[in-house]
Amino acid sequence: MGRIPSGVGPRYPQVVILFGATGDLARRKLLPGLFHLSSAGFIPGCRIIGVSLEELDADAFRRTVRGALEEFSSRKVTEADWAAFAGSLDYVPQAAGAGVLKAAVEKAAQTFQGETRRLHYLSVPPSAALSAVRMLGEADLVHHSRIVMEKPFGTDLASAVSLNAKLHEVFAEEQIFRIDHFLGKEPAQNILAFRFANGLFEPIWNRNFIDHVQIDVPETLGLGKRVGFYEATGAYRDMVVTHLFQILAFMAMEPPTALEPAPISEEKNKVFRSMLPIEPSDVVRGQYTGYRAEEGVNAESDTETFIALKCSIDNWRTCERANDLPRGNESFPLPSGNRPRACSRPGRASVRKAPTI
């Protein structure tokens with residue numbers, strides 16, 4: 001594994017408090033990612049404190065992490081790298097309370113010289129987010145820290161607004177990072193460069209040349225440990241209003257004034273404001289055979305594990321206009337589901353056909 005040059009990475013040593021540390025996302029993505037960053041030298045000073053509902057001690061948590069790395073890490077785990085990473089791990093059951101968590105964080109910080117920074121990563125469902133935020137506030141772990149909120153942020157508009165207001169009671173806005181981990185995928189990262197830095201495609205990325213854009217996110221994974229989360233959430237909330245809408249915004253947005261969070265968010269929000277109401281006739285919901293037989297699933301569940309829908313964007317780039325009335329617009333089919341065929345493309349644009357001669 002290549003080493004990161006000295007001076008690249010965080011300025012201060014980091015103490016990472018990972019809520020939901022034994023969950024599916026942590027095992028599949030977060031812990032292998034932290035292992036790679038630490039082993040590559042990107043985070044030369046890092047301590048990780050796992051927090052979850054399971055009553056584990058530090059050694060049991062280390063065994064859980066080692067199993068996750070063996071199963072999901074895309075890179076070979078050497079004994080030397082594992083020994084160094086294992087030494088950075090600790091665990092606090094959430095039921096132990098704020099005092100025990102604060103003591104664990106202070107103990108981790110004392111292993112470094114000078115200042116440290118804290119990163120609180122909440123890999124938990126919306127129903128568990130506020131209890132984690134309150135625990136951090138009670139433990140006095142807000143100063144010199146940032147908090148990462150995983151999607152979905154609430155379950156609807158009202159709950160998202162309420163969660164945001166209560167989050168601001170503890171953390172300032174500049175401390176909060178609302179993340180959609182899907183945007184970390186390389187194909188998603190490449191969309192903006194493909195569109196705005198490509199002299200061939202940028203001039204034709206509009207209604208005159210593009211007929212429609214299809215965004216596919218089929219998954220071959222089963223539910224695993226996500227049954228409780230998925231049964232209450234479904235494919236629409238889990239995938240469409242999070243992952244797929246973010247990709248849709250990348251595909252339809254105008255160039256931002258700078259490649260910085262605020263300008264990019266501003267352009268994405270313009271896309272969302274330009275979306276036409278989704279017609280029920282343009283939505284298909286489905287459920288894979290055998291879903292109701294999964295352990296923990298209601299025998300009469302109507303939770304969708306597949307959804308496909310068509311979105312339309314009504315703006316200057318995508319909609320033809322005559323006398324300020326829309327005549328046609330660029331559509332965005334958005335299929336997603338668990339356990340269909342495998343597919344790696346995040347989106348594809350279909351160019352309009354030339355007239356028949």
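In the block above lies the structure referred to throughout.
Now for a look at the structure at hand. (Residues numbered from 1 in each chain as written. Predicted model: local features only at pLDDT ≥ 70, side-chain atom pairs only at ≥ 80, totals over all residues. Heavy atoms only, no water.)

1. Considering the environment of proline 218
- Topologically, proline 218 is positioned in strand E8 (residues 217–219).
- Through-space distance from the C-alpha of proline 218 to that of methionine 239 is 10.0 Å; in sequence the pair is 21 residues apart. (Helix = DSSP H or I, 4+ residues; strand = E, 2+ residues; numbered from the N terminus.)

2. A look at the packing of helix H1 (residues 24–39) against helix H3 (residues 79–86)
- Between H1 and H3, the least distance of the axes is 10 Å, while the angle of their chain directions is 105°. Of the possible angle classes, the one that applies to H1 and H3 is roughly perpendicular. Here Leu31, Leu34, Phe35, Ser38 and Ser39 of H1 come into contact with H3, specifically with Asp81, Trp82 and Phe85.
- Of the residues contributing to the contact of H1 with H3, the split by class is five nonpolar, two polar and one charged. (Axes fitted to C-alpha atoms, helices over the stretch in contact; angles between N-to-C directions. Parallel < 35°, antiparallel > 145°, perpendicular 65-115°, else oblique. Contact = heavy atoms within 4.5 Å. Nonpolar A, V, L, I, M, F, W, Y, C, P; charged D, E, K, R; others polar.)

3. Some thoughts on the side chain of lysine 151
- Assignment of secondary structure puts lysine 151 in the loop between strand E5 (145–150) and helix H6 (157–168).
- Here the side chain of lysine 151 touches aspartate 238 through a polar contact of 2.5 Å, side chain to side chain.
- With residues up to four places along the chain from it excluded, the contact list for lysine 151 reads Ile179, Asp180, His181, Asp238, Thr242 and His243. (Polar contact = N/O pair within 3.5 Å; in protein donor to acceptor, adjacent residues only side chain to side chain.)

4. What to know about the sheet that holds E5
- With parallel pairing, the six strands of this open sheet are ordered in space as E3-E2-E1-E4-E5-E6. The strands lining the two open edges of the sheet, one partner per strand, are strand E3 (89–93) and strand E6 (176–179). Ignoring strand direction, the axes of neighbouring strands in this sheet form an average angle of 20°.
- Contacts from helix H2 (residues 58–72) reach strand E2 (46–52) and E3, with the element oriented near 115° to E3.
- In the packing of H6 onto the sheet, the strands contacted are E5 and E6, and the crossing angle to E6 comes to about 150°. (Pairing = 2+ DSSP bridges.)

5. Some details on the side chain of arginine 317
- You can see arginine 317 is positioned in the loop between strand E10 (306–313) and strand E11 (319–322).
- We classify arginine 317 as buried; its relative accessible area is 13%.
- Separated by 2.7 Å, the side chains of arginine 317 and glutamate 254 make a polar contact.
- With sequence-adjacent residues up to four places away left out, arginine 317 is seen in contact with Arg195, Glu202, Trp205, Asn206, Arg207, Ala252, Met253, Glu254 and Pro255. (Buried < 20%, exposed > 50% of the residue type's maximum accessible area, 1.4 Å probe, protein only.)

6. Here we look at the nonpolar core
- Counting 34 residues, the largest nonpolar core has Ile215, Ile247, Phe250 and Met251 as its most contacted members.
- For this core, the leading source of residues is helix H8 (residues 227–252), giving 12 residues. (Core = buried A, V, L, I, M, F, W, Y, C linked by side-chain atoms within 4.5 Å.)

7. Considerations on the packing of aromatic side chains
- Tallied over the entire structure, the rule returns seven aromatic pairs.
- A ring pair is formed by phenylalanine 61 and tyrosine 91, whose centres lie 5.1 Å apart and whose planes are at 35°; its orientation type is tilted. Taken together, the residues span a long stretch of sequence, with phenylalanine 61 in helix H2 and tyrosine 91 in strand E3 at a distance of 30 residues.
- The exposure class assigned to phenylalanine 61 is buried, which follows from its relative accessible area of 0%.
- Judged by centre distance (6.0 Å) and plane angle (85°), the rings of phenylalanine 194 and tryptophan 205 are edge-to-face. With phenylalanine 194 in helix H7 (residues 186–196) and tryptophan 205 in the loop between H7 and strand E7 (210–214), the pair connects residues that are 11 residues apart, well separated along the chain.
- Exposure remark for phenylalanine 194: the relative accessible area of 35% places this residue in the partly exposed category.
- What makes tryptophan 205 buried here is its relative accessible area of 6%.
- Three or more aromatic residues joined by ring pairs make a cluster, and in this case those are Phe35, Trp82 and Phe85.
- Cation over ring: arginine 178 sits above phenylalanine 153, and NZ or CZ is 5.4 Å from the ring centre. (Phe/Tyr/Trp six-rings, centres within 6.5 Å; stacked < 30°, edge-to-face > 60°. Lys NZ or Arg CZ within 6 Å of the ring centre and 35° of its normal.)

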